[in-house]
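Given next are the chains, with one letter for each unit.
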Amino acid sequence: MTTTINNKAQVSLPSDTEVRVTRDFKAPRKLVWQAHTEAKLFQRWIGGYPGWSMPVCEMDVRPGGKYRWAWRSDEDGKEFGFHGDYREVDAPGKMVQAEYYDPGSFGGAMPTNDLSIIRTTFTEKNGVTTLVTLIAFGSKEARDAAVSTGMTDGMETSYERLDKLLAEQQGG
């Protein structure tokens, strides 16, 4: 039996304040979960576009645990990031986190005091893990500002690196 793989991020807007991104990975759920919850692995793939590094990747993945991530432009040294806390962690199936944008020296259109809730689920069938990330923004304006940054294109760029990391971990 052949399983169809969505090897590109599928993006939808289920409401005025939400973005849903669905993506399949040819890897066991446990490996995809580890890549999302272990800082050293997370840092290897989440970088977004080429020309950026991730000098800060702090993650305490447990209910009430905090995280802080920062990216830096190799060209001009400007930085931005996100921080928040984990609300639910049910390994390896689901995590819910609260997130705030930190414009740092980069700036940007996204509001800094607007809380987003991110629900990520990991399901596996026939060796393929489906990742569904539902981002609930505090307002339509915040959602639209985030989408206007090219956020979902950046997610796909990162997911392509995650594909390579997962293949490497599986000896491929």
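Throughout what follows, the structure given in this document is the object of discussion.

A count of helices and strands for the protein gives four helices and eight strands. Helices and strands appear in the protein in the N-to-C order β-β-α-α-β-β-β-β-β-β-α-α. For 172 residues, the compact-globule estimate of 2.2 N^0.38 gives 16 Å, and the C-alpha radius of gyration of the protein, at 16 Å, lies within 12% of that figure. With respect to the three principal axes, the spread of C-alpha positions in the protein is 50 × 35 × 30 Å. Evaluated residue by residue, the protein yields a buried proportion of 44% over its 172 residues. Nonlocal contacts in the protein, meaning residues at least 24 apart in sequence, comprise 49% of its contacts between residues at least 6 apart. Carbon and sulfur atoms make up 49% of the accessible area of the protein, which totals about 8900 Å².

Quick look at the packing of aromatic side chains now. Counted by the stated rule, this structure contains 14 aromatic pairs. Ring pairs connect the aromatic residues Phe25, Phe42, Trp45, Trp52, Tyr67, Trp69, Trp71, Phe80, Phe82, Tyr86, Tyr101 and Tyr159, which therefore count as one cluster.

Where helix α3 (residues 140-148) is concerned, the buried positions are Ala142, Arg143, Ala145 and Ala146. Looking down the long axis of α3, one finds its buried residues gathered within 165° of arc, a one-sided arrangement. Residues of α3 that are exposed and angled more than 90 degrees away from the buried face: Glu141 and Ser148. Considering only its buried residues, α3 is in contact with β2 (18-25) and α4 (151-169). Of the residues one or two after α3, glycine 150 is the one with positive phi, at around 85°.

Relative to strand β4 (residues 66-73), strand β3 (residues 52-59) is paired through six bridges, and the arrangement is antiparallel. If you follow glutamate 58 over to β4, its bridge partner there is arginine 68. Hairpin connection between β3 and β4: a loop of six residues separates the two successive antiparallel strands, and glycine 64 in this loop has a positive phi of roughly 90°. Relative to strand β5 (residues 79-90), β4 runs antiparallel, the two sharing seven bridges. Residue pairing across strands places lysine 66 opposite aspartate 85, the latter belonging to β5. Hairpin connection from β4 to β5: five residues lie between these consecutive antiparallel strands, with glycine 77 at a positive phi of about 75°.

It is worth spelling out the environment of glutamine 170 at this point. Among the secondary structure elements, glutamine 170 is positioned in the segment after α4. We classify glutamine 170 as partly exposed; its relative accessible area is 41%. Each C-alpha atom, one on glutamine 170 and one on proline 28, is 9.3 Å from the other, the two residues being 142 residues apart in sequence. Non-local contacts of glutamine 170, meaning those with residues more than four positions away in its chain, are made with Lys26, Ala27, Pro28 and Leu31.

In this chain, alanine 91 is followed by proline 92 through a cis amide linkage whose omega measures -10°. Along the chain, proline 92 turns up in the loop between β5 and β6 (94-102). With a phi angle near 55°, asparagine 126 is a residue other than glycine that sits in the positive phi range. Its location among the elements puts asparagine 126 in the loop between β7 (116-125) and β8 (128-136).

Attention shifts here to the pattern of salt bridges. Inspection of the entire model under this criterion finds eleven salt bridges. Here lysine 8 ties to glutamate 160 by a salt bridge, and the two come within 3.0 Å at their closest N and O atoms. Remark: glutamate 160 occurs in helix α4 and lysine 8 occurs in the segment before β1 (10-12); sequence separation between them is 152 residues. With relative accessibility at 44%, the residue lysine 8 sits in the partly exposed group. A salt bridge links aspartate 144 to arginine 143; the shortest N-O distance between them is 2.8 Å. For arginine 143, a relative accessible area of 6% translates into the label buried. One network of salt bridges, in which partners are shared, links Arg23, Glu156 and Asp163.

Calculation criteria
- The residue numbers shown here count from 1 along each chain, following its written sequence.
- Only residues with pLDDT of 70 or above have their local features reported here, since the model is predicted, and side-chain atom pairs are shown and tallied only from 80 upward, although totals for entire chains, interfaces and linings are computed over all residues.
- The side-chain values count all of the structure's non-hydrogen atoms but skip hydrogen atoms and water molecules.
- Each helix corresponds to a stretch of at least 4 residues labelled H or I by DSSP, and each strand to a stretch of at least 2 residues labelled E; elements are numbered beginning at the N terminus.
- Just to be clear, the radius of gyration here is over C-alpha atoms, and the globule rule we use is 2.2 Å times residues to the power 0.38.
- Burial classes: relative accessible area under 20% of the type maximum marks a residue as buried, over 50% as exposed, and values in between as partly exposed (1.4 Å probe, protein chains only).
- Should any heavy atoms of two residues lie within 4.5 Å, those residues are counted as being in contact.
- Using the Shrake-Rupley algorithm and a 1.4 Å probe, accessible areas are obtained, with residue cover drawn only from the displayed protein chains.
- We call Phe, Tyr and Trp rings a pair once their centres come within 6.5 Å, taking the six-membered ring for Trp, and we label the pair stacked below 30 degrees between planes, edge-to-face above 60, and tilted otherwise.
- Arc definition: directions from the helix axis to the C-beta atoms.
- Strand pairing is assigned whenever DSSP identifies at least 2 bridges connecting the two strands.
- Salt bridge, as applied in this entry: a Lys or Arg side-chain nitrogen positioned within 4 Å of an Asp or Glu carboxyl oxygen.

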